[in-house]
Amino acid sequence: MFRTALRNVLAHKARLLMTVLAVMLGVAFVSGTLVFTETFSNALQNSSQKGYSHVDVAVQPDKEDDDKGRPGAAPLLTQRLLDKAATVPGAASATGIVDGHAYLSGKDGELVGQGFSRIGSNYFPGRDGKDARYPLTSGRAPQRAGEIAVDTKTAERAGLKVGDTVRLSVKGPVLTQRITGIVTTDRGQVTAGGTLALFDTATAQKLFAKPGQFHEIDVKAAPGTSQDRLKSAIDKILPRDAEATTAKKLADDEAEIIAQGMNGMKTGLLVFAGISLFVGIFIIANTFTMLIAQRTKELALLRAVGASRRQVTRSVLVEAFVVGAVAAVAGLLAGIGIGAGMQSLMPGDTPDGPLIIPPSSIAVSLAVGIGVTMLAAWLPGRRAAKIPPVAAMSSVHAVATTRSLVVRNTIGGLFSAAGVAVSLGAGDEKGLGLGAGLLLIGVFVLTPLLSRPLIAAAGPLLRLFGMAGKLAGQNAVRNPRRTAATASALMIGLTLITGLTVIASSVQRGVDKMAADSLKADYAVVMANQNDLSPEVAKKLAAQPGVTAVGAMREGASRIDGDNEYLKGVDAGTAGKLLGLDFTTGSFAGLSGTRVVVDEDTAKSHHWKAGSSFEVTYEDGKRGRLSVGGVYKGNDMFNGIMVDNRTLTPHLSEAVDKRVLVKTAKGESAETKKALRKALGDNPAIQVQSKEDISREVAQMINLMLNVLYGLLAMAVIVAVLGVVNTLAMSVFERRQEIGMLRAIGLDRTGIKRMVHLESLVISLFGGVLGIGLGVFFGWAAGKQIATQMATYELALPWGRMALFLVLSAAVGMLAALWPAGRAARMNMLAAIKAD
């Protein structure tokens with residue numbers, strides 16, 4: 001039986017090719033993910049460890065609340081502590097570090113660098129006048145206000161050199177700086193594509209901290225002193241609100257953070273790889289079912305000469321094992337290539353490292369490839385073993401009994417009903433996922449039943465193509481189970497794509513509504529990446545002609561009823577003119593002094609109502625008493641406890657704004673927006689956003705996310721295409737006598753091609769309609785969950801995109817039919833009629 005199985009694999013290698021490709025693609029996705037994430041994680045960890053090569057013990061403010069009960073961050077480190085750290089036993093030197101965000105503009109006026117990696121820091125010269133963290137490649141270190149040094153990568157990207165003048169922004173106002181030096185650095189954020197601007201220590205403290213204060217003190221050990229011993233010595237001089245950590249511990253913690261981040265990426269990619277493999281199961285099962293149907297007489301002969309049912313099943317599983325092993329090895333090799341390719345496609349500034357092939361990727365690839373193939377082939381193998389030898393000898397195709405069809409449809413109906421019920425009653429994501437899974441299984445089981453009426457509905461259109469169209473419709477429903485398996489592969493991918501698109505469109509509509517309803521202001525002014533804004537920004541905007549109202553929004557940590565809460569500072573005098581929040585009790589008139597307004601959720605969690613009072617511990621540790629002057633309906637943009645800035649600001653360690661709202665006499669216009677930007681020095685680090693701009697920014701993020709998901713799901717669609725090709729090719733092989741007879745009675749080659757093309761088109765559109773329908777349902781069901789968190793969420797059906805998905809389904813069908821249709825049309829008429 002083993003030799004028989006191997007012979008069958010070799011005899012049907014052409015018909016098994018698509019199955020091998022389907023499994024190979026899924027395995028390549030898995031192994032490529034494992035290789036890439038391991039390689040990238042290793043490169044990031046190595047880069048991060050280099051950043052600790054100049055420190056043995058780091059002293060930082062204690063991240064936990066201090067013993068005085070203050071909810072804010074611990075005070076920064078002092079010059080006195082720095083001096084003490086430099087003289088502890090075993091210390092060779094101590095470096096005071098000041099860090100923040102600095103936004104450099106290139107010569108084109110645009111920001112240089114990426115996201116939160118635009119770093120501003122201090123150059124701290126040692127006894128030799130050099131900072132070991134930042135070796136100079138040209139020029140000198142910054143020594144006074146108005147001077148900076150930049151890293152080599154930033155200089156290369158922006159075309160900067162020593163002596164150039166650049167525009168720079170820290171918290172809003174534009175600063176003009178002269179570049180005095182170019183440095184190299186091992187800081188991971190910078191080497192990964194960020195920027196670095198170095199100031200002299202006094203200037204950095206003025207910009208990012210306070211005079212004489214540091215965010216961190218790095219101590220270098222003297223020769224012969226271990227990190228642990230140095231830490232023990234430093235611990236003795238530390239105040240209660242500071243802590244010391246060895247560089248090894250910091251490096252290990254950062255490596256753990258990187259590993260956790262990469263694990264999240266790995267899990268996400270593997271989920272999509274799993275979807276591709278799941279789609280591949282339909283192709284494998286379909287292929288082996290058709291092969292077994294074509295070899296029914298052969299299997300019956302084996303039974304007749306003494307082969308047991310188990311031996312027949314095992315022979316099918318041996319074939320699946322061989323196919324899976326070949327596909328797994330090919331997929332593993334392709335995945336290694338994909339991993340290397342993904343690494344090379346990363347941005348040039350991304351940390352680089354050697355390609356790493358973890359042993360787990362080899363084991364997992366082989367296990368997945370072989371396991372999935374054998375699992376999918378098991379049911380066809382069992383069916384083959386159950387066919388009685390006499391019945392198999394007398395009929396090539398075993399017809400499903402009425403009882404089996406009733407049982408199948410009953411099971412499918414029960415699963416579908418359970419899936420709908422669970423999805424509608426789901427209280428969280430897990431419940432929704434369970435409902436979606438049950439419904440998918442139910443629809444898949446019912447697909448053979450659904451195929452006849454849905455494909456019959458296309459009958460009038462098919463008849464427009466004459467006899468070829470009529471035959472295509474009949475062929476599509478000749479074997480409903482085969483049609484169902486082929487269409488289901490495409491259905492799964494389109495279900496996910498449509499569901500995600502419906503959710504994204506609905507969220508976007510909710511954001512548009514939220515921005516329109518919540519804002520009376522014409523513009524919101526924010527710093528890039530939502531960082532802090534200097535109060536000078538609000539003052540400059542208020543002084544502009546045509547500006548009728550300006551309101552700064554601030555935040556301050558606090559503790560209320562034992563819980564940490566952020567107080568949202570607003571200008572009480574202008575809040576009602578700039579915010580359009582709906583109040584259930586009171587209004588913004590109740591916001592002044594110690595009277596605050598709170599959103600419904602916060603009021604409910606603390607059992608507050610209008611007139612309630614409560615104690616608060618501010619960021620600086622001082623205590624006060626506030627009362628509720630109104631309750632409003634919060635949303636994702638505006639929520640929490642709103643307090644007058646005049647009450648909050650005295651308790652903040654630094655008075656900075658998170659956002660500035662502006663209302664103008666002329667309303668929104670390109671001219672007004674240009675004037676406001678000009679008033680702020682045309683600073684690219686500051687965004688002046690209208691309500692439409694806010695919605696557009698969210699839309700860009702949503703579209704980016706959707707495009708990434710579309711790309712990841714494309715593999716599942718490609719596998720589904722292979723399934724359609726495979727089914728049609730094997731179907732053409734089965735019907736070669738029939739095709740020969742059609743040719744003999746007058747159907748020409750063009751008619752044969754048209755028949756196969758239309759059959760493929762009908763099957764693909766059937767899968768597309770099911771997928772889009774299920775996707776809309778899942779999008780609606782998921783929306784019920786989202787609506788509990790987002791009050792303005794509203795179902796939006798993207799008709800244009802759904803029509804495009806249907807067109808793409810048709811294109812998939814036409815593309816998949818090219819090879820089978822050509823093969824059918826080229827078939828020799830007489831040889832086909834004589835075929836067994």
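The structure we're discussing is the one just above.
Each chain carries its own residue numbering, running from 1 in the written order of its sequence. Restriction of local features to residues with pLDDT of at least 70 applies here, the model being predicted, together with a cutoff of 80 or more for giving and counting side-chain atom pairs; totals for whole chains, interfaces and linings are based on all residues. Only hydrogens and water are set aside; all other atoms, that is, all heavy atoms of the structure, feed into the side-chain values.

Participant: Is there a simple way to think about the overall build of the protein in this case?
Facilitator: From N to C terminus, the protein includes 28 helices and 24 strands. In terms of its C-alpha atoms, the protein occupies a principal-axis envelope of roughly 95 × 70 × 50 Å. Each residue is assigned to one of three classes by its accessible area relative to the maximum for its type, calculated with a 1.4 Å probe on protein chains only: buried under 20%, partly exposed between the two thresholds, exposed over 50%. Here the protein holds 836 residues, and 51% of them are scored as buried. Any two residues having at least one pair of non-hydrogen atoms within 4.5 Å are treated as being in contact. Within the protein, contacts between residues at least 6 apart in sequence are counted, and of these 82% link residues at least 24 apart. Accessible surface is estimated by sampling points in the Shrake-Rupley manner with a 1.4 Å probe; for residues, cover comes only from the protein chains shown. With the model as given, the accessible surface of the protein reaches about 37,900 Å², and the carbon-plus-sulfur share is 60%. Neither His nor the chain ends contribute to the count of charged residues, in which Lys and Arg are positive and Asp and Glu negative. The atom standing in for a charge is NZ when the residue is Lys, CZ when it is Arg, CG when it is Asp and CD when it is Glu. Here the protein contributes 90 positively and 68 negatively charged side chains, and the mean placements of these two sets differ by 12 Å. Strands here are runs of E lasting at least two residues and helices are runs of H or I lasting at least four, both read from the DSSP assignment and numbered beginning at the N terminus.

Participant: Just to check I follow, could you spell out the sheet that holds strand 13 (residues 216-221) for this structure?
Facilitator: Each strand in a sheet pairs with another by means of backbone hydrogen bonds, the pair being arranged parallel or else antiparallel. Strand order in the open sheet formed by four strands is 3-13-1-14, with antiparallel pairing between adjacent strands. Strands at the two margins of the open sheet, each flanked by one partner only, are strand 3 (91-97) and strand 14 (242-246). On average, each strand axis in the sheet is inclined to that of its neighbour by 20 degrees, with strand direction left out of account. With five bridges connecting them, strand 1 (residues 57-61) and strand 14 associate as antiparallel partners. Within the sheet, the bridge partner assigned to valine 59 lies in strand 14 and is alanine 244. Each axis is a line fitted through C-alpha atoms, and for a helix only the stretch in contact is used; angles between axes span 0 to 180 degrees, taken between their N-to-C directions. Running at roughly 160 degrees to strand 3, helix 3 (residues 79-86) makes contact with strand 1, strand 3 and strand 13 of the sheet. The pairing criterion is simple: DSSP has to find at least two bridges between the two strands.

Participant: Help me understand helix 22 (residues 670-679) in this model?
Facilitator: Quick reminder: α-helices carry 3.6 residues per turn. Residues three or four places apart thus point the same way. Among all positions of helix 22, only Thr672, Leu676 and Ala679 are buried. Projected onto a plane normal to the axis of helix 22, the buried residues spread over an arc of 60 degrees and lie on a single side. Looking at helix 22, the residues exposed on the side facing more than 90 degrees away from the buried face are Ala670, Glu671, Lys674 and Lys678. Residues of helix 22 that are buried make contact with strand 15 (523-527), helix 18 (535-542), strand 16 (547-560), strand 23 (659-664) and strand 24 (686-689). Positive phi appears at glycine 681, one or two residues downstream of helix 22, with a value of about 80 degrees. Think of the arc as the fan of directions from the helix axis to the C-beta atoms.

Participant: I keep staring at the pairing of strand 10 (residues 174-183) and nothing clicks. Help me out?
Facilitator: Strand residues, when the strand is regular, have side chains that alternate between the two faces of the sheet. Sheet analysis places strand 7 (residues 136-139) next to strand 10, joined by three bridges and oriented antiparallel. Following the sheet pairing, glycine 139 is matched in strand 10 by glycine 181. Both strand 8 (residues 147-151) and strand 10 contribute to a ladder of five bridges, which runs parallel. Following the sheet pairing, aspartate 151 is matched in strand 10 by valine 183. Alignment of strand 9 (residues 165-169) against strand 10, held across five bridges, turns out to be antiparallel. Bridge pairing links arginine 167 to threonine 176 in strand 10.

Participant: Hey, could you run me through the environment of valine 59 in this one?
Facilitator: With respect to the secondary-structure elements, valine 59 resides in strand 1. Overall, the relative accessible area of 1% leaves valine 59 in the buried class. Taking C-alpha positions, valine 59 is 56 Å from leucine 21, a pair spaced 38 residues apart along the chain. Setting aside chain neighbours within four positions, we find valine 59 in contact with Leu77, Leu81, His215, Glu216, Ile217, Ile234, Leu238, Ala242, Glu243 and Ala244.

Participant: I would appreciate a short explanation of the packing of aromatic side chains in the present structure.
Facilitator: Both the distance between ring centres and the angle between the ring planes are used here to describe each pair of aromatic rings. In this scheme Phe, Tyr and Trp rings, the latter by its six-membered ring, pair at centre separations within 6.5 Å, and the angle between planes marks the pair as stacked below 30 degrees, edge-to-face above 60, and tilted otherwise. Counting across every chain of the model gives nine aromatic pairs. Aromatic pair phenylalanine 583 and tyrosine 632: ring centres 5.8 Å apart, planes at 55 degrees, arrangement tilted. Here the residue phenylalanine 583 occupies a position in strand 18 (residues 583-586), and tyrosine 632 occupies one in strand 21 (residues 623-632), the gap between them amounting to 49 residues. Counting every residue linked through ring pairs, the aromatic cluster contains Phe583, Phe588 and Tyr632.

Participant: When you look at the nonpolar core in this model, what are you seeing that I'm missing?
Facilitator: A general tendency of soluble globular proteins is for nonpolar side chains to be buried together. Nonpolar core, defined: a set of buried Ala, Val, Leu, Ile, Met, Phe, Trp, Tyr and Cys residues in which side-chain atoms within 4.5 Å join the residues together. Phe272, Val279, Ile752, Met755 and Val756 are the most contacted members of the largest nonpolar core, which has 80 residues in total. Per-element tally for this core: the top contributor is helix 23 (residues 691-734), with 17 residues. Once residues lying within four places of it in the same chain are set aside, the contact partners of valine 756 are Leu728, Val732, Ala817, Pro820, Ala821 and Ala824. Membership of the second largest hydrophobic core comes to 40 residues, among which are Val57, Val170, Ile179 and Ile182.

Participant: Honestly, helix 26 (residues 799-816) in this entry has me stumped. Any pointers?
Facilitator: The length a helix should cover is 1.5 Å for every residue beyond the first. When the terminal C-alpha atoms of helix 26 are compared, their 26 Å separation across 18 residues agrees well with the 26 Å that a helix rising 1.5 Å per residue should span. Of all the residues in helix 26, the buried ones are Met802, Phe805, Ser809, Ala810, Val812, Gly813 and Ala816. Seen along its axis, helix 26 keeps its buried residues to an arc of 150 degrees; they face one direction. When the buried face of helix 26 is taken as reference, the exposed residues oriented beyond 90 degrees from it are Gly800, Val807 and Leu815. Taken together, the buried residues of helix 26 touch helix 17 (480-518), helix 23, helix 25 (749-787) and helix 27 (818-826).

Participant: Mind showing me how you'd approach empty space enclosed by the protein here?
Facilitator: Once rolled over the atoms, a probe with the size of a water molecule shows which space is left empty. Definitions used for this entry: grid spacing 1 Å over protein atoms alone; cavity, a set of points where a 1.4 Å probe fits but cannot get out; pocket, an open set with protein on both sides within 12 Å along at least 5 of 7 lines; lining residue, one with an atom within 4 Å of a point. Grid points are joined across faces, edges and corners, and a volume is the space filled by probe spheres set on the points. Under the definition given, this model contains three cavities of 30 Å³ or more. Quantified by volume, the largest cavity comes out at close to 50 Å³. Together, Gly551, Ala552, Met553, Val570, Asp571, Thr574, Ala575, Leu578, Leu579 and Leu661 line the largest cavity. Among the elements of the structure, strand 16 and helix 19 (572-578) are those that each provide at least two residues to the lining of the largest cavity. Split by residue class, the lining of the largest cavity holds seven nonpolar, two polar and one charged. When residues are sorted by character, Ala, Val, Leu, Ile, Met, Phe, Trp, Tyr, Cys and Pro go into the nonpolar class, Asp, Glu, Lys and Arg into the charged class, and all the rest, Gly among them, into the polar class.

Participant: Which parts of the structure should I look at to understand the pairing of strand 6 (residues 118-123)?
Facilitator: Of all six residues making up strand 6, six are buried, and the element is well covered by its neighbours. In the sheet, strand 4 (residues 99-101) pairs with strand 6 via three bridges, with the strands oriented antiparallel. When the bridges of strand 6 are listed, glycine 100 appears paired with glycine 120. Pairing between strand 6 and strand 11 (residues 195-200): six bridges, direction parallel. Note on strand 11: the bridge partner recorded for tyrosine 123 is aspartate 200.

Participant: Teacher, can you tell me more about the packing of helix 25 against helix 26 here?
Facilitator: The description of two packed helices rests on the angle between their axes and on the distance between the axes. At a closest axis distance of 8 Å, the pairing of helix 25 and helix 26 adopts a crossing angle of 150 degrees. By the angle class used here, helix 25 and helix 26 are roughly antiparallel. Between helix 25 and helix 26 lies a crossing of right-handed hand. Residues His757, Ser760, Leu761, Ser764, Leu765, Gly768, Val769, Ile772 and Val776 of helix 25 touch helix 26, and the partners they reach there are Met802, Phe805, Leu806, Ser809, Ala810, Val812, Gly813, Met814 and Ala816. Residues that form the contact of helix 25 with helix 26 fall into these classes: 12 nonpolar, six polar and no charged. Note that the term roughly parallel is reserved for angles under 35 degrees, roughly antiparallel for angles over 145, roughly perpendicular for angles of 65 to 115, and oblique for everything else. Less than a right angle of anticlockwise turn of the near helix away from the far helix marks a crossing as left-handed, whereas a clockwise turn marks it as right-handed.

Participant: How should I be thinking about the pattern of salt bridges in this particular structure?
Facilitator: Where charged atoms of side chains with opposite charge meet at close range, the side chains can pair. One speaks of a salt bridge when a side-chain nitrogen belonging to Lys or Arg is within 4 Å of a carboxyl oxygen belonging to Asp or Glu. The final tally for this structure, using the stated rule, is 22 salt bridges. A salt bridge links aspartate 164 to lysine 161; the shortest N-O distance between them is 3.4 Å. In this structure aspartate 164 comes out as buried when scored by relative accessible area, which is 13%. Residues joined in a network through salt bridges with shared partners are Arg140, Arg144, Glu147 and Arg178.

Participant: Mind showing me how you'd approach the environment of lysine 577 here?
Facilitator: Mapped onto the elements of the fold, lysine 577 is located in helix 19. Not counting residues up to four positions away in its chain, the partners in contact with lysine 577 are Lys520, Ala521, Ala549 and Lys663.

Participant: What is the right way to read the packing of helix 23 against helix 26 from this model?
Facilitator: Viewed as axis vectors pointing N to C, helix 23 and helix 26 meet at an angle of 30 degrees, and their least axial separation amounts to 10 Å. Considering only the axes of helix 23 and helix 26, their crossing is right-handed. Taking contact as the criterion, the partners of Asn703, Leu706, Tyr710, Val721, Val724, Val725 and Leu728 in helix 23 are, on helix 26, Arg801, Phe805, Val812 and Ala816. Class assignment of the residues belonging to the contact of helix 23 with helix 26 gives a composition of nine nonpolar, one polar and one charged.

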